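Residue-level structural notes
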Amino acid sequence: MARELNNKVVVITGGAVGIGCEIAGRYLQRGAKVTIILDIDEIQGQETARNLCTKYGANRAIFMKCDVTKDLETVSKKIFESFKSVDVLVNNAGILNDQLSRKTININVQALIDWSITFWNHMRKEKNGKGGTILNLASIYGYRVDPYLPVYQASKFAVMGFTKSLGHEYNYRRTGVRVIAICPGFTETKLTTGVKTWDDEYIAEDFSNFVQKQLWQKVDAVGNAAVEAFEKGNSGTAWLIEGGNPIAEV
């Protein structure tokens with residue numbers, strides 16, 4: 001499977017704002033044929049698609065309203081009927097609220113697995129697919145540990161394990177579907193505003209002091225990383241982007 005984005009059909013979950021929106025723009029900039037933006041926020045999603053079309057050309061971005069925990073069957077069916085082949089799935093949808101443990105696992109883990117398997121089956125060569133790439137948004141919390149966000153960290157450790165197993169060379173050789181992950185550090189997005197820890201009453205101040213000392217970055221750094229990881233990453237690999245520094249395999 002060629003590692004260039006030119007003429008690729010790309011699906012991005014949680015693509016209306018933040019990192020997802022940034023990846024959509026970067027992939028279009030690199031020549032993607034179309035980015036299909038999926039998000040629960042219809043107003044913002046439509047605006048994002050309009051803005052991308054204005055910048056990159058008519059019909060280069062399409063918005064579909066989607067709750068990744070509920071709408072997989074209907075939305076994926078619509079996508080597969082509209083496009084003969086999807087080349088790239090970016091699993092970007094996620095939440096960061098350690099007081100909502102079940103919702104965190106449902107969105108960050110279960111939905112990501114379900115969407116991955118559905119598109120993996122669509123792409124796999126031994127089922128008449130063309131091959132393709134699944135890019136999962138993990139996190140530095142997919143392999144690092146601190147005491148503040150155990151639920152979120154559990155969800156991202158799961159993403160890393162899933163990526164490395166599904167993306168194993170054994171699976172890639174027989175299907176032609178590459179599965180990779182990027183692991184952003186602290187990034188200035190809506191997601192990282194007003195973060196709820198699991199024990200806010202006692203640790204909120206300590207967590208606030210902790211995050212102020214971390215290496216922060218803008219979303220454009222993650223967008224660039226998503227391009228570079230796509231172009232260079234072997235299946236089953238994960239790539240750190242932190243503080244806007246060059247990406248590094250982890």
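Overview of the structure. Not measured: the values here are computed from a predicted model.

Glancing now at the layout of surface pockets. If you add up the space inside the largest pocket, you get close to 1200 Å³. Lining of the largest pocket is provided by 49 residues; of these, Ala93, Gly94, Ile95, Leu96 and Leu191 occupy positions nearest its centre. Of all the elements in the fold, those that place two or more residues in the lining of the largest pocket are helix H1 (18–29), strand E2 (34–39), helix H4 (101–123), helix H5 (150–166) and helix H7 (200–212). In terms of residue class, the lining of the largest pocket is made up of 25 nonpolar, 18 polar and six charged.

Our next topic: empty space enclosed by the protein. If a probe the size of a water molecule is rolled over the atoms, the empty space left behind becomes visible. Taken as a whole, this structure holds one cavity of 30 Å³ or more when the rule is applied. Roughly 50 Å³ of volume is contained in the largest cavity. In terms of lining residues, the largest cavity is bounded by Thr13, Val68, Asn91, Asn92, Ala93, Ile107, Ala111, Leu112 and Trp115. Among the residues making up the lining of the largest cavity, the classes are represented as six nonpolar, three polar and no charged.

All right, on to the nonpolar core then. Ranked by internal contacts, the top residues of the largest apolar core, which has 34 residues, are Val11, Ile36, Leu38, Ile79, Trp115 and Phe119. Where this core is concerned, the elements lending two or more residues are strand E1 (9–13), E2, helix H3 (72–82), H4, H5 and strand E6 (177–184). Sort the elements by how many residues they give to this core and H4 lands first, with seven residues. Ignoring anything within four residues of it in the chain, the contact list for Leu38 reads Val11, Ile12, Thr13, Gly14, Gly15, Phe63, Met64, Cys66, Val75, Ile79 and Trp115. Counting 33 residues, the second-largest nonpolar core is a separate cluster that includes Val88, Val90, Leu135 and Ala221.

This next bit is on unusual backbone geometry. Although it is not a glycine, Asn7 sits at a positive phi angle of roughly 70 degrees. Its place among the elements puts Asn7 in the segment before E1. Phi angles above zero are rare outside glycine, and Asn128 is one such case at about 70 degrees. Structurally, Asn128 is set in the loop between H4 and strand E5 (132–137).

Glancing now at the environment of Thr237. As for its position among the elements, Thr237 is in the loop between helix H8 (219–232) and strand E7 (238–241). It is 8.6 Å that separates the C-alpha atoms of Thr237 and Ile182, two residues lying 55 residues apart in sequence. In this view, Thr237 contacts Thr163, Val179, Ile180, Ala181 and Glu249; residues no more than four positions away in its chain are not counted.

Each value, and the rule that gives it
- Residues numbered from 1 in each chain as written.
- Predicted model: local features only at pLDDT ≥ 70, side-chain atom pairs only at ≥ 80, totals over all residues.
- Heavy atoms only, no water.
- 1 Å grid on protein atoms, 1.4 Å probe; cavity = no way out; pocket = protein on both sides within 12 Å on 5 of 7 lines; lining within 4 Å.
- Points joined across faces, edges and corners; volume = space filled by probe spheres on them.
- Helix = DSSP H or I, 4+ residues; strand = E, 2+ residues; numbered from the N terminus.
- Nonpolar A, V, L, I, M, F, W, Y, C, P; charged D, E, K, R; others polar.
- Core = buried A, V, L, I, M, F, W, Y, C linked by side-chain atoms within 4.5 Å.
- Buried < 20%, exposed > 50% of the residue type's maximum accessible area, 1.4 Å probe, protein only.
- Contact = heavy atoms within 4.5 Å.

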